[in-house]
Number of protein chains: 2
Amino acid sequence: MTYCVGMKLKAGLVFMSDTRTNAGIDSISVFKKMSSWSVPGERVITLLSSGNLATTQAVVSIIDERSKAVKERAPSILEAPSMFQVARLVGNTLRDVIQMHANGPGQRADTTFNSTLILGGQIGDGPSRLFMIYPEGNFIEASSDTPFFQIGEAKYGKPIIVRAYNPDMSFEDAVKLLLVSFDSTIKSNLSVGLPIDVQFCGEGERAVTHEFRINDANPYYRAISSGWSNALRTAFNALEPFSLDHVKPG
Amino acid sequence: MTYCVGMKLKAGLVFMSDTRTNAGIDSISVFKKMSSWSVPGERVITLLSSGNLATTQAVVSIIDERSKAVKERAPSILEAPSMFQVARLVGNTLRDVIQMHANGPGQRADTTFNSTLILGGQIGDGPSRLFMIYPEGNFIEASSDTPFFQIGEAKYGKPIIVRAYNPDMSFEDAVKLLLVSFDSTIKSNLSVGLPIDVQFCGEGERAVTHEFRINDANPYYRAISSGWSNALRTAFNALEPFSLDHVKPG
C-alpha cells in the first residue's frame, strides 16, 4: 500500500510520501512516489501517487516525456495555462493508462490497475492549488474546509491531522505534524514504510523550496516516534479518570 | 459500518461497541451490537457483531433460542464445556447463516452477507478468553501479544490503543482508553456513532460486572472528547520542533 499527504498552508504546499510498495506481503520494494516538474519562478508541479505501481510509473513517464520534448508530444504540463488544466491533463493520462491495461488486448488480470493521485502546484500569478485525482480521471480540489488530501492507508493518521492542522502553521510545524501522522501509520500497518520523502513549495515561489528524505536513522524522526508515544501516554494519563459515577442514572 | 473492541485485562474482559448501522448513507439506524448470555457465577458469554445486520441478528437469535429451550435445540452455548467449544458453536452458526442466504434458493444479492464477531467470556474454572470469529466460521484467540480485537472501522482508533494499552490497567482506565479510541473514530467516520455500549466481566466473577450505555449527552464523554483534542494539541506542541538542520547532510 502507500501513505501520501498533500497539505495546503498559507505558507505554501507541503507534500509527504512513504516509499514502500508491495505485491503481496513477500514482495516489498522501495520506490519514490513523489515526482516534480518545474520552471523555477514560473511554475512548479508535484505529483504523489498511490495504487498500482506500473500505472503510476507509466503516468509519470508519459508526463515526463511530454514535458521534455514539448514540440513532439503535446499537450505538456509545462505549457498548460493553469493548475486546473494540468489536473485535466494528468487525469486524462491516468484514465487512459488504466483503460489501456484493463481493457486492452492481451491477458486480463484479476486485479484492477487503479491508482489515485495527489497533484499540487502553482503557475504564474495563480495561487497554489491542490487536487486529488481519481482513477476515472476526474478530480476534486482542496479548499479551506478540506485543506489536505490523503491517499493510500489514510485512516490511522487522519485523527491527528484533523485535530492539529492549522492553516497558519509553518512549514516546520507541518512537517512535525505529518511525521506524527506517518509514524502512527507505520506503527500500525506493515504496508507503509520508511524512508519518507518531504517537499515544500513556498507560496509565490513557484519552485521547490525544500526537498529531503527522512530515513529510520534520522535522529529527529526517532525522537518524534518515541516522543509521541510518551506524549500520548502522558496526555492520556492527564485526562479525567473514568468512574462509574459518570454513568449512574439520575 | 461499526466499531467494536474486546479487550483482555488481568482484571477481566472489557467490551465496547457503537450502535450505528447504515444501509447506504441515507438509511441510518441504532442497533445494539452487544449480546450476553450468562449463568451468573458459572459462565458469562458476550458477543460483539459487525457486518450484515440480518446475519448478525439471525446468529444471535439462533443462539438465543437454543439457550432458552435447551432440550429442544442442542447444542446450546449454555451447555458447552469450554469457551473454545462456544467459539466453535458460534462460528458454525455464523457460517451456516451466511451460507443459507448467500447460496440458498431465492434471489441473489450483489452484496455479501458477511459478518465478523468478537466473542469473549469465562466458563467454570477456565480463564477469561477472547476470540475473533470470521465469516468462514474459523476463529483466532487473543493472547498476551495480541490482547485486544477490533472489528469494523478499526483503523482510526488503533494507534492510541497500541500505545496506551497495559494489561495491568483497571477497568476504569480501559473505559477511558476505549472512549478516546471511539471518539477518534466517530470524529473521522460517519458510519460509527453514539450511543456506545460498555460491558465489563471481572476475572473470576463469571458474570456481567458492569454494563451501561454512554450517549452524546453524557458529561464524561463530552469531557473526554474535547479534553482529548486539547491534550493532543498540547502534546503535539510539546514535541521538539522540526528544523531543516535535522535533515542537513553531514
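Since this is a predicted model, take the numbers as computed values, not measurements. (Residues numbered from 1 in each chain as written. Chains lettered and ligands numbered in written order. Predicted model: local features only at pLDDT ≥ 70, side-chain atom pairs only at ≥ 80, totals over all residues. Heavy atoms only, no water.)

**Q** How should the sheet that holds strand S11 (residues 196-202) of chain B be read in this particular structure?
**A** Consider a sheet: its strands pair through backbone hydrogen bonds, and that pairing is either parallel or antiparallel. Residue and element names in this part refer to chain B. The five strands lie next to each other as S10-S1-S2-S11-S12, forming an open sheet whose pairing is antiparallel. Bordering the open sheet on either side are strand S10 (148-152) and strand S12 (210-214), each of which pairs with just one other strand. The average angle at which neighbouring strand axes cross in this sheet is 10°, direction not considered. Pairing of strand S2 (residues 12-17) with S11, which is carried by six bridges, proceeds in the antiparallel orientation. Its bridge partner being in S11, Ser17 is matched across the sheet by Asp197. Most of the contacts of helix H4 (residues 171-188) go to strand S1 (residues 3-9), to which it runs at about 155°, and overall it touches S1, S2, S11 and S12. (Pairing = 2+ DSSP bridges. Helix = DSSP H or I, 4+ residues; strand = E, 2+ residues; numbered from the N terminus. Axes fitted to C-alpha atoms, helices over the stretch in contact; angles between N-to-C directions. Contact = heavy atoms within 4.5 Å.)

**Q** Which parts of the structure should I look at to understand the sheet that holds strand S1 (residues 3-9) of chain A?
**A** Residues and elements named next belong to chain A. Strand order in the open sheet formed by five strands is S10-S1-S2-S11-S12, with antiparallel pairing between adjacent strands. Edge strands, defined here as strands with exactly one partner in the open sheet, are strand S10 (148-152) and strand S12 (210-214). Strand after strand, the sheet turns through a mean of 10° between neighbouring axes, direction not considered. Bridge analysis of S1 against strand S2 (residues 12-17) gives six bridges, and the strand direction is antiparallel. Bridge pairing links Leu9 to Gly12 in S2. Contacts from helix H4 (residues 171-188) reach S1, S2, strand S11 (196-202) and S12 within the one sheet, and its direction differs from that of S1 by about 155°.

**Q** Just checking my understanding: could you explain the relation of the copies chain A and chain B for this structure?
**A** Two copies of one chain are present, and they are related through a rotation about an axis combined with an axial shift. Of the transformation placing chain A onto chain B, the axial shift is 0.0 Å and the rotation is 180°, giving an RMSD of 0.0 Å. Such a combination of turn and shift is consistent with a two-fold rotation axis. Taking C-alpha positions as the reference, the residue of chain A nearest the rotation axis is Tyr156 of chain A, at 2.3 Å. A shared binding surface is used by both copies, with 98% of the interface residues of chain A retained as interface residues in chain B. (Least-squares fit on C-alpha atoms with pLDDT ≥ 70 in both.)

**Q** I tried to follow the environment of Ile118 of chain A on my own but got confused; where do I start?
**A** Residues and elements named next belong to chain A. With respect to the helices and strands, the residue Ile118 is situated in strand S7 (residues 115-123). Here the alpha-carbon distance between Ile118 and Leu239, two residues 121 residues apart in the chain, equals 37 Å. Not counting chain neighbours up to four residues away, the residues in contact with Ile118 comprise Cys4, Val5, Gly6, Thr46, Leu47, Leu48, Leu130, Phe131, Phe149, Gln150 and Ile151.

**Q** Explain H4 of chain B here, please?
**A** At 3.6 residues per turn, the α-helix brings residues three or four places apart onto the same side. Its 18 residues give H4 of chain B an end-to-end C-alpha distance of 26 Å, which sits within 8% of 26 Å, the value for a rise of 1.5 Å per residue. For H4 of chain B, the buried fraction is high: 14 of the 18 residues fall into the buried class. (Expected span 1.5 Å × (residues − 1). Buried < 20%, exposed > 50% of the residue type's maximum accessible area, 1.4 Å probe, protein only.)

**Q** Explanation requested: the interface of chain A and chain B in the structure shown.
**A** Much of the literature gives interface size as the accessible area that the parts lose upon coming together. Taken residue by residue, the interface counts 46 residues in chain A and 45 residues in chain B. When chain A packs against chain B, close to 4200 Å² is buried across both sides, 70% of that on carbon and sulfur atoms. If you sort the residues of chain A by the area they bury against chain B, Arg163, Phe236 and Phe242 of chain A come out on top, with a joint share of 22%. Here chain A and chain B share four salt bridges between them. As a salt-bridge pair, Lys155 of chain B and Glu153 of chain A come within 2.9 Å of each other at their nearest N and O atoms. At the level of elements, helix H3 (158-164), H4, S12 and helix H5 (219-238) of chain A are the ones that each hand at least two residues to the side of chain A that touches chain B. Partitioned by chemical class, the residues of the side of chain A that touches chain B number 24 nonpolar, 11 polar and 11 charged. (Buried area = accessible area lost by both parts, 1.4 Å probe. Salt bridge = Lys/Arg side-chain N within 4 Å of Asp/Glu carboxyl O. Nonpolar A, V, L, I, M, F, W, Y, C, P; charged D, E, K, R; others polar.)

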